[in-house]
Amino acid sequence: MKYRILGRTGLEVSEVGFGGIPILRLPTDEAVQILRYSFDKGITFYDTANAYRDSECKIGKAFSDIRHKVVIATKTGKRDADGALEHLENSLKMLQTDYIDLYQLHQVSREQDWQQLTGPEGALGALVKAKEAGKIRYIGITSHSLPMAVKLIKTDLFDTIQFPFNFIEDEPKDELHTTARTMNLGLIAMKPFAGGALANASLAFKFLRQYPDFIPIPGYDSIASVDEVAALYEQSNVVTEEDIGLMDKYRNELGKQFCRRCEYCQPCPNGVKITPAMGYPILVKRMSPQISVNFAKAAMETVPQCTDCKTCIERCPYELPIPEILKNNYDLFEQHRKSIG
Ligand code: SF4
Ligand code: SF4
């Protein structure tokens, strides 16, 4: 395992990190074992979020005795000061620590979120004070909207940017990455497997390793999955013509049905929560049907409000047949809901 400096934070992290979603479906003892195993394999960067249920708690249990040897990033989706501070205190408690290395504002993709975050009672001001008090070392941002991510980093208020990056979602490599590099921001690649849509780990990492200043944060749910990724990083990276052809093939196949979670389609005039409902099948792959049904319930229960008006299709840059996909996802959700009683 090699180590990199995470942009201007100066934090030294392993060249591949650990994404905290899949461990939430595991019993605590097993999750802790996998986390410790990953550390033994050289991984030192752990990314989680308040929203990932007990993920922070498992990471806290795994590393409380070696806290200073790992770099922990977490996030809040709250936009107001009180809510963000409440999340921060909860994260500190769950993670069994008195500081967070990187505290990120989670999924800032809409202008209204940005206005609220930076408003008089907004989360950002409160986090800056928490940083001054030593509870946070660096403040970062995560987003799924390319124009918003570019706008956010240009404010120069953040030390890192976390954005989806994989060979299906490679759009950020132009303006977003170029701007972020110029500003020496830490670069974190979420969803290296396109949120579960890519099964070919070797190909996914061949692509990503062409960008060594990016720290990908795949999720792991077994010792074998840690071994698989660690072994890939032990080899030199060679991308062949055949690999490029295979990436194009995946891109063409998935591009016709793959939701990038950019949120351009929203808001729906009938209140359908389109983006989370579009991602339901991928969520199931990452979390198991039982957890997904509860996790996605609020969004999925808005799907029957769809009147097939097609407003969202006109807004979607990928021309996805959104109402049709939503209907299929809802059928799957209902099937899972019935199966778990
Ligand atoms: S087609 Fe359905 S989901 Fe799309 S905007 Fe219309 S009502 Fe909303
Ligand atoms: S459906 Fe289209 S516009 Fe909406 S989030 Fe997905 S990719 Fe973006």
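Read on for a plain summary of the structure. It should be emphasised that the depicted structure is a prediction, and the values quoted were computed from it without experimental measurement.

About the cut-offs
- Going along each chain's sequence as written, the residues are numbered from 1 onward.
- Chain A is the first chain written and ligand 1 is the first ligand written, with later ones labelled in order.
- Since the coordinates come from a predicted model, pLDDT governs what is reported: local features require at least 70, and pairs of side-chain atoms require 80 or more to be given and counted, while whole-chain, interface and lining totals use all residues.
- With hydrogens and water excluded, all non-hydrogen atoms of the structure serve as input to the side-chain values.
- Secondary structure elements follow DSSP: runs of H or I no shorter than four residues count as helices, runs of E no shorter than two count as strands, and numbering proceeds from the N terminus.
- Classification of residues uses two cut-offs on accessible area relative to the type maximum, computed with a 1.4 Å probe and protein chains only: under 20% is buried, over 50% is exposed, and between them is partly exposed.
- Throughout, a contact is declared for two residues whenever any of their heavy atoms are within 4.5 Å.
- Per-residue and other accessible areas were derived by the Shrake-Rupley procedure at a 1.4 Å probe size, with only the shown protein chains allowed to occlude residues.
- Charge convention: Lys and Arg are scored as positive, Asp and Glu as negative, and His as well as the terminal groups of each chain are ignored.
- Positions of charges follow a simple convention, taking NZ of Lys, CZ of Arg, CG of Asp or CD of Glu.
- The directions from the helix axis to the C-beta atoms form the arc being described.
- In this description, a line fitted to the C-alpha atoms serves as the axis of each element, helices being fitted only across the stretch in contact, and the angle between N-to-C directions of two axes falls anywhere from 0 to 180 degrees.
- Geometric relationships in this document are graded by angle, where less than 35 degrees denotes roughly parallel, more than 145 denotes roughly antiparallel, 65 to 115 denotes roughly perpendicular, and other angles denote oblique.
- By convention the crossing between two helices is left-handed if the near helix lies anticlockwise of the far one by an angle smaller than a right angle, and right-handed if it lies clockwise.
- Any residue outside Ala, Val, Leu, Ile, Met, Phe, Trp, Tyr, Cys, Pro, Asp, Glu, Lys and Arg is labelled polar, Gly included; the first ten of those are nonpolar and the last four are charged.

Across its full length, the protein carries 15 helices and 10 strands. With the principal axes as the frame, the protein shows a C-alpha extent of 55 × 55 × 45 Å. Burial status across the protein gives 54% buried among its 341 residues. Partitioning the contacts of the protein with sequence separation of at least 6, the portion at a separation of at least 24 is 75%. By element, 51% of the accessible surface of the protein is carried by carbon and sulfur atoms, the whole surface being about 14,900 Å². A distance of 2 Å separates the average location of the 41 positive side-chain charges in the protein from that of its 44 negative side-chain charges.

To continue, consider the environment of Met 94. Tracing the backbone through its elements, the reader meets Met 94 in helix H3 (residues 81-94). When the C-alpha positions of Met 94 and Ser 292 are compared, they lie 22 Å apart, and in sequence the two are 198 residues distant. The residues contacting Met 94, other than those within four sequence positions of it, are Glu 56, Cys 57 and Gly 60.

Turning our attention to helix H7 (residues 175-182). Looking at H7, one finds that the buried residues are Leu 176, His 177, Thr 179 and Ala 180. For H7, the arc enclosing every buried residue in end-on projection is 165 degrees, short of the 170-degree limit, so these residues lie on one face. Next to the buried residues of H7 lie helix H6 (146-154), strand S8 (160-164), strand S9 (186-190) and strand S10 (214-216). Of the residues trailing H7, Asn 184 is marked for its positive phi of about 55 degrees.

On to the packing of helix H8 (residues 201-208) against helix H9 (residues 223-234). Where H8 meets H9, the closest approach of the two axes is 10 Å, and the angle between their N-to-C directions is 45 degrees. As far as their axial angle goes, H9 and H8 are oblique. For the pair H8 and H9, the sense of crossing is right-handed. Along the contact surface, H8 presents Ala 201, Ser 202 and Phe 205, while H9 presents Glu 228, Val 229, Leu 232 and Tyr 233. For the contact of H8 with H9, the class distribution of residues is 5 nonpolar, 1 polar and 1 charged.

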